[in-house]
Amino acid sequence: MLVDGKWTGAWQPVQATDAKGGFVRQASRFHHWVTPDGAPGPSGEGGFPAEPGRYHLYVALTCPWASRTLIARKLKGLDEVVSLSVVEPEMTDQGWRFGAGGDGVNAKTYLHEIYTAADPACSGRATVPVLWDRQRRTIVNNESADILRMFNAGFGAWARGAIDLYPEDLSGAIDALGDELYLRLNNGVYRAGFATTQGAYEEAFTDVFAMLDWLERRLAGQGPFLFGGRLTEADIRLFVTLVRFDAAYHGLFKCNLRRLVDYGQLSAYVERMLAVPGVSETVDLDHIKRGYHAIRTLNPGGIVPLGPELPWAGRTARAAAPAEA
Ligand SMILES: N[C@@H](CCC(=O)N[C@@H](CS)C(=O)NCC(=O)O)C(=O)O
């Protein structure tokens, strides 16, 4: 991680646990917002007006949090407005690394150099996603939940996609479901995978399957999406975890009570989400499998499993290119 702007020690998946051996995720550090006219958003400073070609998104295709932002960028038709760099799937001793051509915007090798370009004294983990401002040469925001909302509403007329991922009449319900999803499922699988005590693992495992069972029932009662006919950010938050479940969380993170393919409603839901134009292009099973299985503390030999067979695998994209500027 970065300490006062210097990379310190080899990368470790877990740098903090709570008193019971539970995994603790670091809070994001940059919280500015792109808004249609550059007015300040809910946090951070103003001065980040929506403009085509100004902002750049750094992602890892293995990462569910970064994938949220990739899906929103597609659904809002922002591909031509916000450019993209994809890091290599395997984490190195210095964290995320760019492929042969560098990152295409800042000509850096490692993602942590983007953080120190924004703040030479930066401390903390160098996580994806990162939204970079070419003009002010700084990080706008490195929290996927914020970037998701910014892509929904911050780019105003530059967004070609008409879909509203956070409609006002559903905002309270989306927030409430999003909190549950995060705690028990999105981060629940990480709490299971990175638990350092049996108790912390079992607690997380129970949360994960209770949530999946609950979602299976909810989708049986109302569909096709979590809030009926309207696809919202809650669907993006759910999908990114479901699509990784059998390939990464079931085995590596020991979330193995059931596979996702054992859930009829949830499996059909994944297929439905993949059929939404733009979504399948954001899913790269090769990066997902290589990325998770490169976590040496969980998989010391680094062997990447060949399976599982997934009914929808053929409809997902491999990465278009390792680094697209
Ligand atoms: N709160 C962040 C979390 C992002 C996150 O944890 N990303 C992981 C990849 S899945 C990462 O970049 N980890 C690198 C590290 O921890 O050093 C968000 O949702 O944007």
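Residues numbered from 1 in each chain as written. Predicted model: local features only at pLDDT ≥ 70, side-chain atom pairs only at ≥ 80, totals over all residues. Heavy atoms only, no water.

Going by what an unreviewed UniProt entry lists, the chain is known as Glutathione S-transferase and is assigned to Labrys wisconsinensis.

Time to look at the environment of N256. Structurally, N256 is set in the loop between helix 7 (233–249) and helix 8 (264–275). Here N256 falls in the partly exposed class, since its relative accessible area comes to 43%. Excluding residues that lie within four positions of it along the chain, N256 makes contacts with Y201, F205, F209 and H250. (Helix = DSSP H or I, 4+ residues; strand = E, 2+ residues; numbered from the N terminus. Buried < 20%, exposed > 50% of the residue type's maximum accessible area, 1.4 Å probe, protein only. Contact = heavy atoms within 4.5 Å.)

Tracing the chain through its elements places H112 in helix 2 (residues 112–118). For H112, the side chain forms a polar contact with the side chain of Q94, separated by 2.7 Å. Among all residues touching H112, those that are not within four sequence positions of it are L2, W7, Q94 and A126. (Polar contact = N/O pair within 3.5 Å; in protein donor to acceptor, adjacent residues only side chain to side chain.)

Around the ligand lies a shell of 17 residues, among which W11, R25, W96, R125 and S144 are the nearest. E143 places a side-chain nitrogen or oxygen 2.8 Å from a nitrogen atom of the ligand. With the chains in place, 90% of the 510 Å² that the ligand exposes on its own is no longer accessible. Of the residues assigned to the shell around the ligand, the class counts are 10 nonpolar, 4 polar and 3 charged. (Near = heavy atom within 4 Å. Areas by Shrake-Rupley, 256 points an atom, 1.4 Å probe, with all protein chains shown as cover. Nonpolar A, V, L, I, M, F, W, Y, C, P; charged D, E, K, R; others polar.)

What follows is about unusual backbone geometry. The residue after V128, namely P129, is reached through a cis peptide bond having omega 0 degrees. Relative to the helices and strands, P129 resides in the loop between helix 2 and strand 5 (130–133). Unlike most non-glycine residues, A107 shows phi in positive territory, near 55 degrees. Tracing the sequence through the fold places A107 in the loop between strand 4 (83–86) and helix 2. A positive phi angle, close to 60 degrees, is found at K254, a residue other than glycine. Relative to the helices and strands, K254 is located in the loop between helix 7 and helix 8.

So, on to the state of the cysteines. Taken as a whole, this structure holds 0 disulfides when the rule is applied. The closest cysteine sulfur to the non-disulfide-bonded C255 is located on C63, 16 Å from its own sulfur. Taking the relative accessible area as the measure of exposure, C255 reaches 0% and is therefore buried. (Disulfide = S-S within 2.5 Å.)

Within this structure, the stated rule accounts for 19 salt bridges. When the shortest N-O distance is used, the salt bridge between R149 and D175 registers 2.8 Å. Placement of the pair is R149 in helix 3 (residues 144–153) and D175 in helix 4 (residues 171–186), with a sequence separation of 26 residues. By relative accessible area, R149 is classed as partly exposed at 24%. Owing to a relative accessible area of 29%, D175 belongs among the partly exposed residues under this scheme. Through salt bridges with shared partners, one network takes in R149, D175, E233 and R237. (Salt bridge = Lys/Arg side-chain N within 4 Å of Asp/Glu carboxyl O.)

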